[in-house]
Amino acid sequence: MQRTLVIAASAPVPRGNHIEIAQTADGTVIAVRDLDRGIQYEVRDVSRERIEVWRAVVRDCRVTESPSDGRTTLVVGFSDAVSAAEEALSEADAAAAAAKAESDRWGGADKRPAEFPDRFW
């Protein structure tokens, strides 16, 4: 699952890097930490507000500079354990379906079983 974040600062993060996002309860991003490069971009300091921290992987990054300010748009994919597990299960289900289709094709599941001849004693 992807999500687009707009940050009111110039925070270039390369595609594929793992990041940690801190945001307030109302959804305002206050800090982005690039975990692969060890760089933290702080938009503002909030020590008394309740913040939520979550991790993601950068899918796309666009930095827009203007004379008055900079703005960064990040498209991120979730990398928390729940999302990773859901993605892994989805891929496992697809692999199991492909294996079943292949076994049906080669295993003769569409054929009728051979009939046994009558036994004479």
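Predicted model only: the values in this text are computed from it and were never measured.

Below, the discussion takes up the sheet that holds strand 6 (residues 70–78). Strands sit in the order 1-6-5-2-3-4 across an open sheet of 6 strands; the sheet is antiparallel. The outermost strands of the open sheet, each flanked by one partner alone, are strand 1 (2–7) and strand 4 (39–42). Here the strands of the sheet are splayed against their neighbours by 35° on average, with no regard to which way each runs. As defined by bridge partners, strand 5 (residues 51–65) adjoins strand 6 across 9 bridges and the pair is classed as antiparallel. Among the inter-strand pairings, alanine 56 is bridged to a residue of strand 6, identified as phenylalanine 78.

The next point concerns the pattern of salt bridges. A complete count under the given rule lists 4 salt bridges for this structure. Here glutamate 20 and arginine 33 are joined by a salt bridge, their closest N and O atoms 3.9 Å apart. Residue glutamate 20 is found in strand 2 (residues 18–24), and its partner arginine 33 is found in strand 3 (residues 29–34); the two are separated by 13 residues along the sequence. According to the relative accessible area criterion, arginine 33 is partly exposed, its value standing at 36%. When salt bridges that share partners are traced, they join Glu20, Arg33 and Arg55 into one network.

Rules used throughout
- Residues numbered from 1 in each chain as written.
- Predicted model: local features only at pLDDT ≥ 70, side-chain atom pairs only at ≥ 80, totals over all residues.
- Heavy atoms only, no water.
- Pairing = 2+ DSSP bridges.
- Helix = DSSP H or I, 4+ residues; strand = E, 2+ residues; numbered from the N terminus.
- Axes fitted to C-alpha atoms, helices over the stretch in contact; angles between N-to-C directions.
- Salt bridge = Lys/Arg side-chain N within 4 Å of Asp/Glu carboxyl O.
- Buried < 20%, exposed > 50% of the residue type's maximum accessible area, 1.4 Å probe, protein only.

Limitation: the analysis is restricted to geometry and does not speak to function.
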